[in-house]
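Given next are the chains, with one letter for each unit.
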Amino acid sequence: MAPPERRYTDEVPEAVEVRLREICLSLPEVREEVAWKGTRWRVRTHTFVHVIGIDEPGRDPSVVMSFRAAGDELEVLRNAGHPFFILGWGRDAVGMVLDDRTDWDEVRELVTESYCVLAPKKLVALVD
């Protein structure tokens, strides 16, 4: 018998979505969408942030933000440990567990960097 699998859910606290929404929608030409599970923010056709609930057998449910990173930052995050982890898809995709200890200034920086990885150069030039 196969072990129980990870289950993705829409169970993201409203306060987390509100904070991410404020950060993401402050960037040029961003739109918010309901994803297959959770919520995602896109620039043009690229998702640069996705927030989702994860329910794994034997663990407390968690909320995870997926985002993109590049260069030295990607290498640092790959080796940082909790709350960061490699998602296992996409060469530059990283996950971050969002909980009561989350540093929202750091989240703002990571979201902005993720946007800059995927946005057209003319939009990146508009970012402070």
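This text gives an overview of the structure that appears in the document. (Residues numbered from 1 in each chain as written. Predicted model: local features only at pLDDT ≥ 70, side-chain atom pairs only at ≥ 80, totals over all residues. Heavy atoms only, no water.)

**Digging into the state of the cysteines**
Here is the idea: a disulfide is a covalent bond, and it sits between the sulfur atoms of two cysteines.
Here is step 1 of the chain: Applying the stated criterion across every chain yields a total of zero disulfides.
Here is step 2 of the chain: Residue Cys-116 stays outside any disulfide, its sulfur separated by 12 Å from that of Cys-24, the closest cysteine. (Disulfide = S-S within 2.5 Å.)

**Quick word on the packing of aromatic side chains**
Working definition: an aromatic ring pair is given by the centre-to-centre distance plus the angle between the planes.
Here is step 1 of the chain: All chains considered together, the criterion is met by two aromatic pairs.
Here is step 2 of the chain: Taking the centre distance of 5.6 Å and the plane angle of 75° together, the rings of Tyr-8 and Trp-36 count as edge-to-face. Within this pair, whereas Tyr-8 is found in strand S1 (residues 7-9), its partner Trp-36 is found in the loop between strand S2 (30-34) and strand S3 (39-43), the two being separated by 28 residues in sequence.
Here is step 3 of the chain: Arranged with centres 5.4 Å apart and planes meeting at 85°, the rings of Phe-48 and Tyr-115 form a pair that is edge-to-face. Taken together, the positions of Phe-48 in strand S4 (residues 46-55) and Tyr-115 in helix H3 (residues 104-118) put the pair 67 residues apart, joining distant regions of the chain.
Here is step 4 of the chain: The buried category is assigned to Phe-48, whose relative accessible area is 1%. (Phe/Tyr/Trp six-rings, centres within 6.5 Å; stacked < 30°, edge-to-face > 60°. Helix = DSSP H or I, 4+ residues; strand = E, 2+ residues; numbered from the N terminus. Buried < 20%, exposed > 50% of the residue type's maximum accessible area, 1.4 Å probe, protein only.)

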